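Structural overview
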Amino acid sequence: MARYPEFAGKVLVATGGASLIVEALARQFVDNGGRVVLGDLQDEFAEQLVSSLGGSGRFVRTDVTSDGDLDDLLAAAVKDFGGVDYVVSAHTTFACGQLDTTRENWRTSLDVNVASAAMLVERAVPLMQQRGGGAAVLVTSVSGKASQPNRIVYPVTKAALLGLNRNLSQALAPLGIRINSVSPGWTWSRNIERRYGTREHADSFAGEFHSIRRMADPEEIADAICYLCSEGASFITGADLAVDGGYSALGPEALGQPYEKFPAINP
Ligand SMILES: NC(=O)c1ccc[n+]([C@@H]2O[C@H](COP(=O)([O-])OP(=O)(O)OC[C@H]3O[C@@H](n4cnc5c(N)ncnc54)[C@H](O)[C@@H]3O)[C@@H](O)[C@H]2O)c1
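Note that this is a predicted model, so its numbers are computed, not measured. Positions within a chain are numbered from 1, following the residues in the order the chain's sequence is written. For a predicted model such as this one, the threshold for reporting local features is a pLDDT of at least 70, and the threshold for listing and counting side-chain atom pairs is 80 or more; totals across whole chains, interfaces and linings nevertheless cover every residue. The basis for the side-chain values is all heavy atoms of the structure; hydrogens and waters are excluded.

1. Some points on the side chain of T62
The helix and strand labels rest on DSSP assignments: H or I over at least four residues marks a helix, E over at least two residues marks a strand, and numbering proceeds from the N terminus. Mapped onto the fold, T62 is located in the loop between β3 (57-61) and α3 (67-81). Overall, T62 belongs to the buried group, its relative accessible area being 2%. Pairs of N or O atoms are called polar contacts if they sit within 3.5 Å, as long as, within protein, a hydrogen donor faces a hydrogen acceptor (for residues adjacent in sequence, only side-chain-to-side-chain pairs). Of note is the side chain of T62, whose polar atom sits 2.6 Å from the backbone oxygen of V60. Contact criterion: two residues are considered in contact whenever any of their non-hydrogen atoms come within 4.5 Å of each other. In contact with T62, not counting residues within four places along its chain, are G39, D40, L41, D69, L70 and L73. Whether a residue is buried, partly exposed or exposed follows from its accessible area with a 1.4 Å probe, protein chains only, as a fraction of its type maximum: under 20%, in between, or over 50%, in that order.

Have a look at this one:
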């Protein structure tokens with residue numbers, strides 16, 4: 001039985017189509033009877049995914065910093081599936097300087113991660129209105145809420161998405177469109193596989209700073225995005241859903257490491 005029968009016949013457009021999070025999202029959405037149109041700069045993984053969706057998916061090679069490419073992505077949803085009901089911004093650049101960040105680095109990251117998310121939603125609005133309303137989800141990150149070592153630019157762009165979400169929600173509500181964000185904790189991805197090798201190693205690392213002691217499965221982030229698109233979230237807009245295994249609930253005393261490093265003399 002479909003978990004979200006309201007997705008039947010509906011169309012979701014998502015950027016970041018080559019990521020594991022969007023792969024999981026596309027599979028869940030199609031399993032519930034929906035159709036998906038995915039955009040990404042990288043075509044290999046997204047094309048493989050779309051070819052496994054049995055005619056319910058399309059891939060459009062998209063550079064999100066090009067308004068023309070965003071229009072082509074949305075136009076494909078209209079041409080092939082009849083319209084746009086949901087839009088998900090999940091693309092990102094992780095390119096991130098520290099004290100050596102150039103103005104060009106800032107411009108590029110803010111353009112890809114923030115302005116392009118705004119342009120995607122803005123351009124999807126008239127199409128969602130034609131269908132009587134819709135929902136948008138911005139994928140941000142725990143990085144937008146806490147400082148992290150070795151990073152400055154990426155976390156700032158993710159914090160900006162939280163502000164974009166709040167401010168767009170006011171403009172979109174009168175149009176019958178809800179917008180929310182999802183802030184994942186560390187999530188298994190192609191990038192993390194390349195850096196940490198195995199899931200076991202990656203979970204041991206992530207277990208140091210997530211209360212649930214592992215990183216997220218992409219499906220767990222996709223679940224939250226589906227929920228925010230669904231009718232169950234009909235009164236939720238401008239909100240951020242932390243899907244972070246407790247990461248953002250931790251304070252400076254973290255998961256007890258200081259207690260292990262500096263045991264009390266008289267426990
Ligand atoms: N993996 C994590 O630990 C984690 C944690 C929190 C949030 N997130 C967020 O989840 C989302 C997916 O990230 P991921 O970790 O799976 O990484 P990923 O690198 O697999 O996905 C990001 C995608 O964005 C695409 N992209 C980058 N620049 C683009 C451009 N100009 N035009 C079109 N596409 C472009 C990339 O090609 C890539 O496929 C991102 O928004 C990321 O910030 C990830």
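That shown, we press on.
2. Digging into the environment of I177
With respect to the helices and strands, the residue I177 is situated in strand β6 (residues 177-184). What I177 contacts, discounting residues up to four positions off in sequence, is V125, M128, Q129, G133, G134, A135 and L172.

3. Focus on the layout of surface pockets
A 1.4 Å probe that fits into a set of points on a 1 Å grid over the protein atoms alone but cannot get out defines a cavity; an open set with protein on both sides within 12 Å along at least five of seven lines defines a pocket, and lining residues are those with an atom within 4 Å of a point. Grid points are joined across faces, edges and corners, and a volume is the space filled by probe spheres set on the points. Estimated volume of the largest pocket: approximately 990 Å³. Around the largest pocket sit 37 residues that line it, and S19, A90, T92, F94 and N191 are the ones nearest its centre. Every element with two or more residues in the lining of the largest pocket is listed here: α1 (20-31), α5 (153-172) and α6 (190-196). The element best represented in the lining of the largest pocket is α6, accounting for 4 residues. Among the residues making up the lining of the largest pocket, the classes are represented as 15 nonpolar, 16 polar and 6 charged. Of the pockets and cavities examined, the second largest pocket occupies roughly 440 Å³. Together, 16 residues line the second largest pocket, and Q148, P149, W186, F209 and Y247 are the ones closest to its centre. For this classification, the nonpolar set comprises Ala, Val, Leu, Ile, Met, Phe, Trp, Tyr, Cys and Pro, the charged set comprises Asp, Glu, Lys and Arg, and every other residue, Gly included, is treated as polar.

4. Quick look at the pairing of strand β1 (residues 11-15)
Most of β1 sits out of view: 5 of its 5 residues are buried. A two-sided burial pattern is seen for β1, the buried positions comprising V11, V13 and T15 on one face and L12 and A14 on the other. Note that β1 and strand β2 (residues 35-40) share 5 bridges and pair parallel. Paired with A14 across the bridge in β2 is L38. If the strands point away from the viewer and the path from the first strand over the helix to the second runs clockwise, then the crossover is right-handed. Since β1 and β2 lie parallel, the crossover through α1 that links them has a hand, and here it is right-handed. Where β1 and strand β4 (residues 86-89) come together, 3 bridges link them in parallel fashion. Bridged to L12 within β4 is Y86. Strands pair, by our definition, only if DSSP identifies at least two bridges between them.

5. Some remarks on helix α2 (residues 44-51)
Each α-helix turn comprises 3.6 residues. Residues three or four places apart therefore point the same way. Listed in full, the buried residues belonging to α2 are A46, L49 and V50. For α2, the buried positions fall inside an angular range of 95° around the axis, keeping them on one side. Opposite the buried face of α2, at more than 90 degrees from it, the exposed residues are E44 and S51. Buried residues along α2 sit against α1, β2 and β3. Arc definition: it is the arc formed by the directions from the helix axis to the C-beta atoms.

6. Remarks on the packing of helix α4 (residues 103-130) against α5
When two helices pack together, their arrangement is given by the angle between the helix axes and by the axis-to-axis distance. Working convention: axes come from line fits to C-alpha atoms, limited for helices to the stretch in contact. Angles between N-to-C directions cover 0 to 180 degrees. Two numbers describe how α4 lies on α5: the axes approach to 10 Å, and their chain directions differ by 20°. On the basis of the axis angle, α4 is roughly parallel to α5. As α4 runs across α5, the sense of the crossing is right-handed. Taken together, the residues of α5 that come into contact with α4 (itself represented by W106, S109, L110, N113, V114, A117, A118, V121 and V125) are V153, Y154, V156, T157, A160, L161, L164, L168 and L172. Oblique is the label for any angle not covered by the other classes, which are roughly parallel (under 35 degrees), roughly antiparallel (over 145) and roughly perpendicular (65 to 115). It is the rotation of the near helix from the far one that decides the hand of a crossing: anticlockwise by less than a right angle makes it left-handed, clockwise makes it right-handed.

7. Quick notes on a nonpolar patch on the surface
A surface patch of nonpolar side chains, about 300 Å² in accessible area, is lined by L99, I152 and V156. Its location among the elements puts V156 in helix α5. Think of a patch as exposed residues, more than 30% relative accessible area, with no salt bridge, where like charges cluster within 9 Å and nonpolar side chains (Val, Leu, Ile, Met, Phe, Trp, Tyr) cluster within 5 Å. Residue-level accessible areas treat just the shown protein chains as cover; the underlying method is Shrake-Rupley with a 1.4 Å probe. By convention in these notes, a salt bridge is any Lys or Arg side-chain nitrogen within 4 Å of a carboxyl oxygen on Asp or Glu.

8. Comments concerning the side chain of N32
In this structure, N32 sits in the loop between α1 and β2. If near-sequence neighbours (up to four positions away) are discounted, N32 is found in contact with A2, R3, Y4, F7 and A8.

9. Quick notes on the pattern of salt bridges
Counted according to the given criterion, the structure contains 13 salt bridges. A salt bridge links R123 to D71; the nearest nitrogen and oxygen atoms lie 2.7 Å apart. One end of the pair, R123, is in helix α4; the other, D71, is in helix α3, with 52 residues separating them in the sequence. With its nearest N and O atoms 2.7 Å apart, the salt bridge here joins R199 to D217.

10. Quick look at the nonpolar core
Considering soluble globular proteins, one finds that nonpolar side chains tend to be buried as a cluster. Think of a nonpolar core as a cluster: buried Ala, Val, Leu, Ile, Met, Phe, Trp, Tyr and Cys residues, connected wherever their side-chain atoms sit within 4.5 Å. Among the nonpolar cores identified, the biggest contains 34 residues, and L12, L25, V36, L38, V88, V182 and I225 are the most heavily contacted of them. For this core, the secondary structure elements donating two or more residues are β1, α1, β2, α2, β4, β5 (134-139) and α8 (218-229). Not counting residues up to four positions away in its chain, the partners in contact with V36 are L12, A26, F29, V30, L53, S56, G57, R58 and F81. Core analysis: the second largest hydrophobic core is formed by 30 residues, V11, F81, V125 and L168 among them.

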